[in-house]
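Each chain is listed here by its residues.
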Amino acid sequence: ITGKPRKPALSLSLSLFSLPRAPPLCLPQSQVLKCADEALALDPKSAKALFRRAMVLEARKDFEAARRDLKLALEQPGASKDSAIATLVKRVDIQIRREKEKEKKMYGKMFG
C-alpha cells in the first residue's frame with residue numbers, strides 16, 4: 001500500500017461497498033451512518049449514501065431528516081427509477097403523517 005491519496009470516486013465506492021442494501025438490519029446503525037457520512041463528504045449528492053443514511057434515520061425515528069435525505073436522493077439522475085427509494089419515501093411520509101395525527105390528538109386533549 002502506498003501513501004498516495006485515493007481518488008474521490010474510489011473512496012466513495014469503498015465507503016459504500018461493504019454496506020448491504022438493508023443496513024439497519026445487518027450492521028450497527030452507527031457504522032452505517034458513519035460510512036454514509038464519509039461517502040457524502042466525498043459526494044454530497046450520492047443517492048446511494050443519502051438513501052442509506054435515510055434508512056438509519058428512519059430506524060431512529062428521525063423522519064423529517066430522513067425525508068430531507070430522500071428528497072435530495074430523488075433529485076439525482078436515475079434515482080427516481082429506484083423502487084427502494086420510492087418505497088422508503090412512502091414509509092417515511094406515513095410515519096410523518098402518524099406523528100402529526102398523534103400531536104393533534106395530544107394537543108386536542110390538552111386544550112379541549
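Scroll up for the structure.
Residues numbered from 1 in each chain as written. Predicted model: local features only at pLDDT ≥ 70, side-chain atom pairs only at ≥ 80, totals over all residues. Heavy atoms only, no water.

As a further point, take the overall build of the protein chain. Counting its regular elements, the protein chain contains six helices and zero strands. The order of α-helices and β-strands along the protein chain, N terminus first, is α-α-α-α-α-α. Long-range pairs, those at least 24 residues apart, make up 53% of the contacts in the protein chain between residues at least 6 apart in sequence. Total accessible area on the protein chain is roughly 7,800 Å²; 57% of this is exposed by carbon and sulfur atoms. (Helix = DSSP H or I, 4+ residues; strand = E, 2+ residues; numbered from the N terminus. Contact = heavy atoms within 4.5 Å. Areas by Shrake-Rupley, 256 points an atom, 1.4 Å probe, with all protein chains shown as cover.)

Between helix 3 (residues 29-42) and helix 4 (residues 47-59), whose axes approach to 9 Å, the crossing angle comes to 150°. Here the hand of the crossing between helix 3 and helix 4 comes out left-handed. Judged by residue contacts, Gln29, Val32, Leu33, Ala36, Asp37, Ala39 and Leu40 of helix 3 engage Ala49, Leu50, Arg52, Arg53, Val56 and Ala59 from helix 4. When its residues are assigned to classes, the contact of helix 3 with helix 4 shows nine nonpolar, one polar and three charged. (Axes fitted to C-alpha atoms, helices over the stretch in contact; angles between N-to-C directions. Left-handed = near helix turned anticlockwise from the far one by under 90°. Nonpolar A, V, L, I, M, F, W, Y, C, P; charged D, E, K, R; others polar.)

Moving on, we come to the environment of Phe63. Here Phe63 shows up in helix 5 (residues 63-74). Looking at Phe63, the relative accessible area reads 5%, which means it is buried. With 29 residues separating them along the chain, Phe63 and Val92 place their C-alpha atoms 5.9 Å apart. Excluding its chain neighbours within four sequence positions, the residues that come into contact with Phe63 are Glu58, Val92, Gln95, Ile96 and Glu99. (Buried < 20%, exposed > 50% of the residue type's maximum accessible area, 1.4 Å probe, protein only.)

Take a nonpolar patch on the surface next. Taken together, the side chains of Met106, Tyr107, Met110 and Phe111 make up a nonpolar region of the molecular surface, amounting to roughly 490 Å² of accessible area. Along the polypeptide, Tyr107 turns up in helix 6 (residues 83-111). What makes Tyr107 partly exposed here is its relative accessible area of 43%. (Patch = residues over 30% accessible without salt bridge, like charges linked within 9 Å, V, L, I, M, F, W, Y side chains within 5 Å. Salt bridge = Lys/Arg side-chain N within 4 Å of Asp/Glu carboxyl O.)

Residues Asp62, Glu64, Glu99 and Glu103 make up a contiguous surface patch of negative charge. Position of Asp62 relative to the elements: it lies in the loop between helix 4 and helix 5. The class of Asp62 is partly exposed, set by a relative accessible area of 36%. (Lys, Arg positive; Asp, Glu negative; His and termini not counted. Charge placed at Lys NZ, Arg CZ, Asp CG, Glu CD.)

To continue, consider the packing of helix 5 against helix 6. The packing of two helices is summarised by the inter-axis angle and the distance between the axes. Running from amino to carboxyl end, helix 5 crosses helix 6 at an angle of 150°, the nearest separation of the two axes being 10 Å. Judged by the inter-axis angle, helix 5 sits roughly antiparallel to helix 6. Crossing angle aside, the handedness with which helix 5 passes helix 6 is left-handed. Between helix 5 and helix 6, the residues in contact are Phe63, Glu64, Ala66, Arg67, Leu70, Ala73 and Leu74 and Ile85, Leu88, Val89, Val92, Asp93, Gln95, Ile96 and Glu99, respectively. In the contact of helix 5 with helix 6, the residues fall into ten nonpolar, one polar and four charged. (Parallel < 35°, antiparallel > 145°, perpendicular 65-115°, else oblique.)

Attention now moves to the nonpolar core. For soluble globular proteins, nonpolar side chains are generally found buried alongside one another. The biggest cluster of nonpolar side chains holds 21 residues, and the ones touching the most others in it are Phe51, Leu70, Ile85, Leu88 and Val92. Among the elements of the structure, helix 3, helix 4, helix 5 and helix 6 are those that each provide at least two residues to this core. The greatest single-element share of this core, amounting to seven residues, is contributed by helix 4. Sequence-distant contacts of Val92, defined by excluding residues within four places in its chain, comprise Glu58, Phe63, Ala66, Arg67 and Leu70. (Core = buried A, V, L, I, M, F, W, Y, C linked by side-chain atoms within 4.5 Å.)

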